[in-house]
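Chains, contacts and geometry: an overview
Read off the chains here:
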Amino acid sequence: MSRYVPARHYISFGIVALALAGFCGWLGLTWTPAFVTALLFLCTAAMLLVLATRPAIKVYDAHLEVGKRVIPWQDVRRVDRTGWISPLVVKLTLYDDETATLIYPGEV
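Structural notes, computed from the coordinates.

How each quantity is defined
- Residues numbered from 1 in each chain as written.
- Predicted model: local features only at pLDDT ≥ 70, side-chain atom pairs only at ≥ 80, totals over all residues.
- Heavy atoms only, no water.
- Core = buried A, V, L, I, M, F, W, Y, C linked by side-chain atoms within 4.5 Å.
- Buried < 20%, exposed > 50% of the residue type's maximum accessible area, 1.4 Å probe, protein only.
- Helix = DSSP H or I, 4+ residues; strand = E, 2+ residues; numbered from the N terminus.
- Pairing = 2+ DSSP bridges.
- Axes fitted to C-alpha atoms, helices over the stretch in contact; angles between N-to-C directions.

Ranked by size, the top nonpolar core spans ten residues in total: I57, L64, V66, I71, V76, V90, L92, L94, A100 and L102. Contributions of two or more residues to this core are made by strand 3 (63–66), strand 6 (88–94) and strand 7 (99–104). The element that contributes the greatest number of residues to this core is strand 6, accounting for three residues. One finds A7, Y10, L48 and A52 within the second-largest nonpolar core, a separate group that totals five residues.

See below:
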């Protein structure tokens with residue numbers, strides 16, 4: 001079994017982005033355009049913290065486990081790569097043409 005967990009730097013970058021959003025929000029009280037950067041930092045922090053809390057991916061000989069979802073290897077018909085490398089995003093096409101998007105926010 002191989003276990004792949006999200007990289008730890010997503011948590012620290014998310015916290016830094018959240019702190020910068022707070023700082024820009026504080027600056028926005030005196031200079032209104034700073035609210036735009038506060039909103040952008042807030043969106044970035046949310047995205048980074050969501051990536052940091054992704055479930056671990058466990059690869060077994062018989063199946064793939066993503067959180068509580070178990071996908072048997074015999075059900076996987078096709079694996080398609082996207083342009084994303086970090087975080088790695090792949091689309092799995094299953095036996096009944098159902099697709100599952102697999103997001104691995106790990107190290108490059």
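With that settled, consider the sheet that holds strand 1 (residues 2–4). Strand pairing in a sheet takes place through backbone hydrogen bonds and is either antiparallel or parallel in direction. Spatial ordering of the open sheet is given by 1-2-3-4, a layout of four strands whose pairing is antiparallel. Edge positions in the sheet fall to strand 1 and strand 4 (69–72), since each has one partner strand and no second. Across this sheet, the average inter-strand angle for adjacent strands is 15°, counted without regard to direction. In this sheet, strand 4 lies alongside strand 3 in antiparallel orientation, the contact comprising four bridges. Considered in strand 4, the bridge of H63 is made with P72.

The three strands are arranged 5-6-7 in an open sheet whose pairing can be described as antiparallel. The strands lining the two open edges of the sheet, one partner per strand, are strand 5 (76–81) and strand 7. Going from strand to strand, the sheet's axes swing by 25° on average, the running direction of each strand aside. The sheet contact formed by strand 6 and strand 7 spans six bridges and is antiparallel.

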